[in-house]
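Now for the letters of each chain:
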Amino acid sequence: MPERVRCFIGGKSVAGTGIEIPIIYPATEDVIGTLEEAAAAEVDAAVTAARDAFDHGPWPEMGIPRRKEVLLSMRSLLLENAEELAVLECLDTGVPIRTIRGRKMDRLTGNFELFAESLSMMAGQTYQQDRKFLTMVTHEPVGVAALIAPWNSPLSLATTKLAPCIAYGNTCVLKPSEHTPMALARMVEILHEAGLPDGVVNLVNGRGPVTGAALVEHPGVDLVSFTGGTETGRSVMSSAAGNLAPVALELGGKSANIITETADFEQALDGALLAIYSNNGQQCLAGSRILVQRSLADRFIERFVERARQIRLGDPMDPDCEMGPLAFREHFEKVLSYVDIARAEGAELLVGGKRAEGFEAGYYFEPTAVLAPSNGLRVCQEEIFGPFAAIQVYDSLEEAIAIANDTEFGLAAYVWSEDLHTITRATQALRAGTVWVNTPLVREVRAPFGGYKSSGVGRDGVRDCLDFFTEQKTTQIPVGKLSLARLGAGS
Ligand code: NAD
């Protein structure tokens, strides 16, 4: 475990000259390291190193077979070091180690594999409708990208941006969340050990309004890819506008999980619990509004509450742990505050609602659910980003669809039914970037992923990343000699 987390700029570890931030393990509240915050000077050095690597380095000019080879060797070395990375991510986040060892590590290494392979299939276009010209469209790297990552799943979400960014020949400066810096700092070292040229990936650490803001506003940044909260996303977009830098934003959600009376009840119950309580309830795509049809509401709520009570909270390093602590103190307090907000607005507390018992330290919060009388309540409209479900009861499918769409967000939606027409009607009408039918939380990383409305701008996925991380250049060449009008040559 690193004692100090520093910047990594131009292939070297560099001290941060900002404040020192303690790194806290959320399961024990022990200080386990110190983060050296990057001040504006380090951010500038990182952007300069990325610019130099873009303008003069081998990376953007490298042939695809060689770049692909480097990406695949990064993948292999990440795989070899997967256990160390998983432990660091667990210490960073408090997410159960079994979740990290499984789907998070697959996603981390899968990102490098996917974008390495996508290079083999990358092709431009030609237009030949006008027989006098050959018109070619080629993809070229854009330049220096600022990549800003959240704390809820640092390795997989940062590399969802980083892998396509560098695969398509760009260089970058990565800023992890100040709450979760360790696994990504180690990952950046591993990328260099695997043969990544210096300056292609630079790392700066620190608080959002300090290090993050300095990065986004830096005039040397050509594009910005951000994952985080909706309010922060708005500020990132307006800062990037100063440089006219294109922005991709993956933001918050308040996704509806519609349980119909035609659902497979047991599957829907399992799915609803997973959708709100996995990853310690801290997921953008959580099914945080559970809409249950009236005919099965009593039975569903009773079983949901019974199961929520039995979720095994514990030490996230224990492979049997199902739910760990929330990621940091202020977040714990924010999630807790929604219990009083819910009560004050007339919601009924069904389960949880307080610090979990039996833990001397750590930000442990009980799996919580409230029954909300209306979708207008703050617990149904605001992203809580914790193990906190708002359950609502509805009568008809059309009512459920209207409730589901009555939100500023549009990241994901879930529907549980065995009836074809229910499924087709719901999937067509739900205003969300991803709709899951009879399953929670699957990610097909090749397909677009992103939000409608305030849940984001742009999409992850192979085609959209190619569009975002490359410039398209149109080149026209005449086929044969042209007879051009001869201005000034007399008639
Ligand atoms: P956040 O917005 O607080 O922070 C995200 C990142 O932005 C951090 O690295 C932070 O330091 C940085 N930041 C903060 N202020 C900044 C500023 N002014 N300029 C530049 N950078 C700044 O979000 P979070 O709390 O880390 O993550 C939780 C949020 O992320 C939730 O809203 C969640 O829904 C969202 N999220 C979305 C997705 C998605 O794919 N749509 C995935 C994961 C998380």
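Calculation notes
Residues numbered from 1 in each chain as written. Predicted model: local features only at pLDDT ≥ 70, side-chain atom pairs only at ≥ 80, totals over all residues. Heavy atoms only, no water. Helix = DSSP H or I, 4+ residues; strand = E, 2+ residues; numbered from the N terminus. Rg over C-alpha atoms; globule rule 2.2 N^0.38 Å. Contact = heavy atoms within 4.5 Å. Areas by Shrake-Rupley, 256 points an atom, 1.4 Å probe, with all protein chains shown as cover. Near = heavy atom within 4 Å. Polar contact = N/O pair within 3.5 Å; in protein donor to acceptor, adjacent residues only side chain to side chain. Nonpolar A, V, L, I, M, F, W, Y, C, P; charged D, E, K, R; others polar. Domains from an automatic or database assignment. Buried area = accessible area lost by both parts, 1.4 Å probe. Salt bridge = Lys/Arg side-chain N within 4 Å of Asp/Glu carboxyl O. Phe/Tyr/Trp six-rings, centres within 6.5 Å; stacked < 30°, edge-to-face > 60°. Buried < 20%, exposed > 50% of the residue type's maximum accessible area, 1.4 Å probe, protein only. Core = buried A, V, L, I, M, F, W, Y, C linked by side-chain atoms within 4.5 Å. Pairing = 2+ DSSP bridges. Axes fitted to C-alpha atoms, helices over the stretch in contact; angles between N-to-C directions.

(A) Structural view of the overall build of the protein chain. Within the protein chain one finds 15 helices and 21 strands. What you see for the protein chain is a C-alpha radius of gyration of 24 Å, in line with the 23 Å of a compact globule of 491 residues. On the principal axes, the C-alpha backbone points of the protein chain span a range of 90 × 55 × 40 Å. Here the analysis covers contacts within the protein chain between residues at least 6 apart in sequence; of these, 73% occur between residues at least 24 apart. Summed over its atoms, the accessible surface of the protein chain is roughly 20200 Å², and 52% of this surface lies on carbon and sulfur atoms.

(B) Representation of unusual backbone geometry in the model. Unlike most non-glycine residues, Glu29 shows phi in positive territory, near 65°. One can find Glu29 in the loop between β4 (20-25) and β5 (30-36). Phi at Leu244 is positive, roughly 50°, even though this residue is not glycine. Mapping Leu244 onto the fold places it in the loop between α8 (230-241) and β12 (247-250).

(C) Quick look at the site of the ligand. Looking at the ligand, there are 30 residues lining it, with Ala149, Trp151, Glu178, Thr232 and Glu383 nearest. Trp151 has a polar side-chain atom sitting 2.7 Å from an oxygen atom of the ligand. Between the ligand and the protein, one listed contact pairs a nitrogen atom with a backbone N or O atom of Leu251 at 2.8 Å. Compared with its free state, where it exposes 850 Å², the ligand has 88% of that area covered by protein. Counting residues per element, the ones that place at least two in the shell around the ligand are α7 (208-217), β11 (223-227) and α8. Sort the elements by how many residues they give to the shell around the ligand and α7 lands first, with 5 residues. In terms of residue class, the shell around the ligand is made up of 16 nonpolar, 10 polar and 4 charged. Here the shell around the ligand spans two domains, and each of domain 1 (4-251 + 455-476) and domain 2 (256-437) adds at least three residues to it.

(D) Focus on the domain arrangement of the protein chain. Domain parsing of the protein chain yields domain 1 (4-251 + 455-476) and domain 2 (256-437). When domain 1 packs against domain 2, close to 2300 Å² is buried across both sides, 52% of that on carbon and sulfur atoms. Interface area lost by domain 1 to domain 2 is led by Glu29, Trp151 and Ser455, which between them contribute 24%. Where domain 1 packs against domain 2, one counts 3 salt bridges.

(E) Up close: the packing of aromatic side chains. In total, this model carries 10 aromatic pairs according to the counting rule given. Judged by centre distance (5.3 Å) and plane angle (90°), the rings of Trp151 and Phe328 are edge-to-face. Here Trp151, found in the loop between β8 (144-148) and α5 (154-167), pairs with Phe328, found in the loop between α10 (294-310) and α11 (329-344); they are 177 residues apart in sequence, far enough to count as distant. No difference in accessibility class separates Trp151 from Phe328, as the two residues are buried. An angle of 10° between the planes, with centres 3.8 Å apart, marks the rings of Phe359 and Tyr364 as stacked. Exposure remark for Phe359: the relative accessible area of 25% places this residue in the partly exposed category.

(F) Main features of the nonpolar core. Phe112, Leu162, Ile166 and Met187 are the most contacted members of the largest nonpolar core, which has 67 residues in total. A total of 9 residues in this core trace back to one element, the largest contributor, which is helix α4 (residues 97-120). Aside from chain neighbours lying at most four places away, what touches Phe112 is Leu71, Met74, Arg75, Leu78, Thr159, Leu162, Ala163, Ile166 and Leu191. Ranked by size, the runner-up nonpolar core spans 35 residues in total, among them Ala275, Phe304, Ile391 and Ala412.

(G) Representation of the sheet that holds β4 in the model. As summarised here, the arrangement of the 3 strands in space is β1-β5-β4, forming an open sheet in which the pairing is mixed. The open sheet has two edge strands, β1 (4-5) and β4, and neither has a second partner. The pairing of β1 with β5 spans 2 bridges and is classified as parallel. Bridging across to β5, Arg4 finds its partner in Thr34.

(H) Region of interest: the sheet that holds strand β21 (residues 470-478). The strand order across the open sheet formed by 3 strands is β6-β7-β21, and the pairing between neighbours is antiparallel. Of all strands in the sheet, those bounded by a partner on one side alone are β6 (125-127) and β21. The sheet shows a mean angle of 25° between the axes of neighbouring strands, taken without regard to direction. Helix α15 (residues 462-469) contacts β7 (133-141) and β21 of the sheet and is inclined by roughly 75° relative to β21.

(I) Representation of the environment of Pro181 within the structure. Examined against the element boundaries, Pro181 turns out to sit in the loop between β9 (171-175) and α6 (182-193). On the accessibility criterion, Pro181 (0% relative accessible area) is buried. Expressed as a C-alpha distance, the spacing of Pro181 and Leu119, which sit 62 residues apart in the sequence, is 29 Å. The residues touching Pro181, leaving out its near neighbours within four places in the chain, are Val5, Ile23, Leu35, Asp92 and Asn205.

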